[in-house]
Amino acid sequence: MGPISNRYTRLAGIEHPIVQEGLGPFKTPKLAAAVSNAGGLGTVSMPGFPRDLTEGARTFREHIEECASLTDKPFAVNIPVGVDGDGNVLAFTDAYINTALEARAADDEIAKRLTVLTTSAGFPGKYVGPIKDAGMVHQHKVGSTAQALKAQEAGVDAVIAAGFEMGGHAPSKGVHTYVLVPSVTEVVDVPVVLSGGAKDGRTLAAALCMGAEAVAMGTRFIASEENSDWHPSYAQALLSAQEGDDVAFTGVYGPCRGLRNRASLRLVEDHDDTTDPAELLRWKIESMQRAQTEGDVEDGLVLAGQVAGAIGEVIKVAEFVPAMAEEAADVLDRLAARR
Ligand SMILES: Cc1cc2nc3c(=O)[nH]c(=O)nc-3n(C[C@H](O)[C@H](O)[C@H](O)COP(=O)(O)O)c2cc1C
């Protein structure tokens with residue numbers, strides 16, 4: 001047992017209340033395994049929005065198998081519930097959820113490790129039953145108190161409260177974690193995980209003070225030695241970023257936060273109404289992937305949270321995760337001793 005154990009660590013079966021959350025549409029099996037091996041909860045991300053769903057499902061399955069081969073600890077998958085303009089769930093969501101459930105059903109060793117399924121973006125109501133029937137923990141990422149309540153009523157086991165400053169696709173309401181997390185913890189009984197801006201033991205301690213039982217980070221983990229599937233220029237761009245170097249633009253499904261560069265400014269400033277919407281969508285996805293695979297951090301969309309402006313070094317996950325939990329426990333002990 002680690003220095004901080006609570007309902008969330010018991011629910012997820014982990015040592016430290018520290019989650020590496022989904023980083024799609026990118027490859028994260030090595031990073032996920034490293035975080036799980038360090039006592040946190042690693043997450044295999046959705047690999048993309050392929051035209052051919054069978055091919056996308058095959059890639060996702062390979063990433064799940066790779067992660068399971070690198071750790072014997074629990075890990076998660078993250079699958080956004082994509083929704084079209086008419087409110088219909090996009091086909092990729094069904095394909096990826098089925099892939100995760102099938103991977104577990106086909107292999108006991110995967111079932112033992114892939115124990116958490118995280119949904120995000122749209123409402124996950126229709127997936128709660130199948131995920132529960134499979135015996136998995138279901139956590140859902142929300143951006144408002146109303147969404148948290150709705151997710152709890154639908155039967156999820158935990159909610160991830162995602163604030164304005166987070167990297168990647170951000171909730172449309174854009175409520176800051178400092179406002180959102182306490183409000184969410186007041187209305188739900190299930191464990192709450194803070195997502196957005198966490199980076200060290202002090203921020204984990206702050207999250208616990210606000211009533212959360214864990215933090216889910218994205219940006220901090222990208223700049224890590226174990227994230228070797230990504231082009232090093234991506235992490236370097238995060239480390240070079242200063243306060244104010246992030247910007248929100250319209251991503252694939254709603255607002256999205258990334259670094260300010262030629263690609264994101266094209267979306268923020270140009271308002272190019274003449275581009276075919278399908279073509280623009282394809283460009284966004286391809287330019288995100290180009291940043292990650294080729295290190296094109298000027299003409300590629302570099303998804304990142306505001307916290308990029310507050311991190312300055314590459315971490316070693318194996319040491320970072322336990323040290324972060326220790327630091328949080330020390331901070332809380334010091335504060336308690338002052339009374
Ligand atoms: C590069 C990148 C990709 C992301 N992709 C996803 C995703 O596929 N699904 C999702 O639910 N959240 C995604 N997110 C959000 C993260 O899971 C997490 O909630 C967020 O990074 C937390 O804020 P932080 O960046 O301040 O740590 C992404 C974030 C980043 C930085």
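Residues numbered from 1 in each chain as written. Predicted model: local features only at pLDDT ≥ 70, side-chain atom pairs only at ≥ 80, totals over all residues.

Visitor: Any details on unusual backbone geometry? Residues and values, ideally.
Guide: In this structure, the amide linkage connecting Gly24 to the following residue, Pro25, adopts the cis form with an omega of 5°. Here Pro25 shows up in the loop between β1 (18–20) and α2 (29–37). One non-glycine residue, Ala121, lies in positive phi territory at about 65°. Relative to the helices and strands, Ala121 resides in strand β4 (residues 114–121). C-beta crowding within 10 Å serves as the criterion here: with 21 such atoms nearby, Ala121 is assigned to the buried category. (Helix = DSSP H or I, 4+ residues; strand = E, 2+ residues; numbered from the N terminus. Buried ≥ 20, exposed ≤ 12 C-beta atoms within 10 Å, placed from the backbone.)

Visitor: Now, about the site of the ligand: what can you tell me, with residues and values included?
Guide: As a structural note, the neighbourhood of the ligand is formed by 29 residues, with Gly24, Gly167, Gly168, Gly218 and Gly305 the closest of them. Looking at the shell around the ligand, the elements that each hand over two or more residues are β3 (75–81), β7 (168–169), β9 (214–217) and α10 (219–222). Split into classes, the residues belonging to the shell around the ligand amount to 11 nonpolar, 14 polar and four charged. (Near = placed C-beta within 6 Å. Nonpolar A, V, L, I, M, F, W, Y, C, P; charged D, E, K, R; others polar.)

Visitor: Report on the domain arrangement of the protein chain, specifying residues and quantitative values.
Guide: In terms of domain boundaries, the protein chain breaks down into domain 1 (7–227 + 308–330) and domain 2 (232–294). Between the C-alpha centres of domain 1 and domain 2 there is a distance of 22 Å. The partner domain 2 presents 23 residues to the 24 residues of domain 1 that form the contact. Elements with a minimum of two residues in the side of domain 1 that touches domain 2: β7 and α10. (Domains from an automatic or database assignment. Contact = placed C-beta atoms within 7 Å.)

Visitor: Go over the sheet that holds strand β10 (residues 246–250), please, and point to the residues and values.
Guide: Pairing is antiparallel in the open sheet, where three strands are placed in the order β7-β11-β10. Unpaired on one side and paired on the other, β7 and β10 mark the two borders of the sheet. Of the pairings in the sheet, the one linking β10 to strand β11 (residues 255–259) comprises five bridges and is antiparallel in character. For Val247, the partnering residue across the bridge sits in β11 and is Gly258. (Pairing = 2+ DSSP bridges.)

Visitor: So what's going on with the environment of Val81? Which residues, and what values?
Guide: With respect to the helices and strands, the residue Val81 is situated in strand β3. Of the residues examined, Val81 has 22 C-beta atoms within 10 Å and is grouped as buried. In sequence terms Val81 and Ala95 are 14 residues apart; their C-alpha atoms lie 11 Å from each other. Once you skip the residues sitting within four places of it in the chain, Val81 turns out to touch Val89, Thr93, Thr119, Ala121, Gly122, Phe123 and Pro124.

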